[in-house]
Amino acid sequence: MRRRDREVNDAEKIEQIIASCHCIRIGFHDNGQVYIVPLNFGYEMINGNYVFYFHSAKEGRKIELIENSPYVGFEMDTNYKIYEANIACNYAARFQSIIGNGYVSIIDDSEEKKHGLTMLMKQNAGNDDWTFNDEMVNAVCVFKLVVEQLSCKEHK
């Protein structure tokens, strides 16, 4: 990171920033091009690594890319605000952001899918008291991103 003065290393602060995000953007490698998909998510920490959970349709470009090119980059940001000035170059922005890399994989196990959906609902609805029947679980694809590396940045 070029601007070390903006780097966030505190694990609690990183957790707070992730918790305040509503969207994660995943960048897939697609035959020399990048395909970026914005997604809502759920997450947890497992064995010292963040794991993000997602749901989607069972087919499509994203699913093909997960199966064929599972190493991805991701970005998430929150608390953006522009600070205006009388001179264009004096404009500034406040933000918190996280970028990183990891591996995505489709979850086949029904109980793990339910867990992933629960984590997704916890992030988006604020609680984890949900029940998913087999019909619901079988109707969607649930996949996860296991983070290999991330960096966090904050500009106040």
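It should be emphasised that the depicted structure is a prediction, and the values quoted were computed from it without experimental measurement. (Residues numbered from 1 in each chain as written. Predicted model: local features only at pLDDT ≥ 70, side-chain atom pairs only at ≥ 80, totals over all residues. Heavy atoms only, no water.)

What follows deals with the pairing of strand E5 (residues 49-56). Burial runs high along E5: 6 of the 8 residues are buried. In terms of strand pairing, strand E4 (residues 42-46) meets E5 through 5 bridges, oriented antiparallel. Residue pairing in the sheet places Ile46 in a bridge with Asn49 of E5. With antiparallel pairing between neighbouring strands as the criterion, E4 and E5 make up a hairpin whose turn holds 2 residues, including Asn47 at a positive phi of roughly 50°. By the bridge criterion, 6 bridges tie E5 to strand E8 (residues 141-155) in an arrangement that is antiparallel. Paired with Tyr53 across the bridge in E8 is Lys144. (Buried < 20%, exposed > 50% of the residue type's maximum accessible area, 1.4 Å probe, protein only. Helix = DSSP H or I, 4+ residues; strand = E, 2+ residues; numbered from the N terminus. Pairing = 2+ DSSP bridges.)

Turning next to a nonpolar patch on the surface. Among the surface-exposed residues, Tyr80, Ile82 and Tyr91 lie close enough to one another that they form a single nonpolar patch of about 330 Å² accessible area. You can see Ile82 is positioned in strand E6 (residues 71-83). (Patch = residues over 30% accessible without salt bridge, like charges linked within 9 Å, V, L, I, M, F, W, Y side chains within 5 Å. Areas by Shrake-Rupley, 256 points an atom, 1.4 Å probe, with all protein chains shown as cover. Salt bridge = Lys/Arg side-chain N within 4 Å of Asp/Glu carboxyl O.)

Taken residue by residue, helix H2 (residues 61-68) has Lys62, Ile63, Leu65 and Ile66 as its buried positions. For H2, the angular spread of buried residues about the axis comes to 160°, placing them on one side. Within H2, the exposed residues directed more than 90 degrees away from the buried face are Glu67 and Asn68. On the buried face of H2, the contacting elements are strand E2 (24-30), strand E3 (33-39), E5, strand E7 (92-107) and E8. (Arc of directions from axis to C-beta. Contact = heavy atoms within 4.5 Å.)

This part is about the pattern of salt bridges. Counted under the stated rule, the structure contains 7 salt bridges. One salt bridge in this structure joins Glu154 and Lys13, with 3.3 Å as the shortest N-O distance. Of this pair, Glu154 sits in strand E8 while Lys13 sits in helix H1 (residues 11-20), and the two are 141 residues apart along the sequence. Looking at Glu154, the relative accessible area reads 15%, which means it is buried. When its relative accessible area of 24% is taken as the criterion, Lys13 is described as partly exposed. Each member of the salt-bridge network shares a partner with another, and the members are Arg25, Glu75 and Asp77.

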